[in-house]
Amino acid sequence: MLESVYDTLISGQRYLLLLKGLGVTLSIAVFAIVLGTVLGAVFALCKISRSRVLRASAHVYTTVIRGIPLATQLMIFYFVIFAPLGMNRLLVAAISYGINSGAYCTEIFRAGIQGVDKGQTEAGRSLGLSRWQTLTLIVFPQAVKSVLPTYTSEFIVLIKETSVASFIAVMDLTKAGDMIRNATYNAWIPLLSCAFIYLCLTLGLTKLFSLLEKRMAKSDRN
């Protein structure tokens with residue numbers, strides 16, 4: 001077994017492909033979750049807005065993006081929209097994942113905001129705070145704590161979904177494993193290596209966000 005691992009990964013320094021693919025996967029995921037968080041926050045506010053136009057636009061965005069498979073969205077964004085502009089594949093993938101994540105973050109944040117007791121908003125307004133001040137100072141901090149577990153799940157799902165970035169020839173972690181498989185005619189070692197790396201990433205993120213939740217709960221008690 002060790003000899004097979006050596007021949008597949010160490011010989012020819014093929015493990016470097018996995019490291020490069022991991023870097024691409026993390027780059028896409030981090031960029032996408034930042035963009036998705038920003039879009040989610042904006043469209044969540046649109047969804048609870050008094051403006052029918054803003055509510056309608058947010059509804060269309062979440063309905064369309066959540067209703068189309070991610071792989072299909074990725075290819076549409078690249079081959080139909082961005083490829084004619086000559087945009088880098090990695091950037092296209094990151095933007096596509098960010099737009100997709102934003103639709104799910106929108107619903108996560110909206111549910112968190114609307115889940116805060118209305119009495120909190122009424123109390124803020126009775127103290128003379130504006131609607132925006134009430135949202136930012138009273139509602140948002142409570143909403144963040146309630147949506148953190150779901151937001152964590154979204155981030156973890158996003159990392160795993162980067163595996164379809166290879167559809168537009170982006171060399172992510174899964175694509176790197178596939179290249180090693182094609183070069184060595186050994187399927188199980190590169191596939192299990194990729195699976196192990198994904199598992200470590202998801203477990204690490206779960207632990208990190210769990211510690212953050214505990215710290216926020218501790219600050220509430222103090």
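Position labels on residues start from 1 in each chain and follow its written sequence. This being a predicted model, a pLDDT of at least 70 is required before a residue's local features are given, and a value of 80 or more before pairs of side-chain atoms are given or counted; all residues contribute to the totals for chains, interfaces and linings. The basis for the side-chain values is all heavy atoms of the structure; hydrogens and waters are excluded.

## Some words on the layout of surface pockets
Right, so step 1: Of the volumes computed, that of the largest pocket is approximately 270 Å³.
Right, so step 2: Of the grid points, spaced at 1 Å and generated over the protein atoms alone, those admitting a 1.4 Å probe that cannot get out make up cavities, while open sets with protein on both sides within 12 Å along at least five of seven lines make up pockets; any residue with an atom within 4 Å of a point is treated as lining. Lining the largest pocket are Ile-48, Ile-113, Gln-114, Val-116, Lys-118, Thr-121, Arg-131, Thr-134, Leu-135 and Val-139.
Right, so step 3: Starting at the N terminus, helices and strands are each numbered in turn, a helix being any DSSP run of H or I of at least four residues and a strand any DSSP run of E of at least two. Mapped by element, the contributors of at least two residues to the lining of the largest pocket are α5 (89–115), α6 (118–126) and α7 (131–161).
Right, so step 4: Here the nonpolar group is Ala, Val, Leu, Ile, Met, Phe, Trp, Tyr, Cys and Pro; Asp, Glu, Lys and Arg are the charged ones; every other residue, Gly included, is treated as polar. For the lining of the largest pocket, the residue count by class is five nonpolar, three polar and two charged.
Right, so step 5: Grid points are joined across faces, edges and corners, and a volume is the space filled by probe spheres set on the points. Taken as a whole, the second largest pocket spans an internal volume of roughly 220 Å³.
Right, so step 6: As for the second largest pocket, its lining consists of Thr-37, Ala-41, Ala-44, Leu-45, Phe-109, Ile-113, Phe-140, Ala-143, Val-144, Val-147, Leu-148 and Tyr-151.
Right, so step 7: Of all the secondary-structure elements, those providing two or more residues to the lining of the second largest pocket are α2 (15–47), α5 and α7.
Right, so step 8: Classifying every residue of the lining of the second largest pocket by side-chain character gives eleven nonpolar, one polar and no charged.

## Structural notes on the environment of Gly-115
Right, so step 1: You can see Gly-115 is positioned in helix α5.
Right, so step 2: When the C-alpha positions of Gly-115 and Ala-143 are compared, they lie 7.3 Å apart, and in sequence the two are 28 residues distant.

Nothing here speaks to function; it is geometry throughout.
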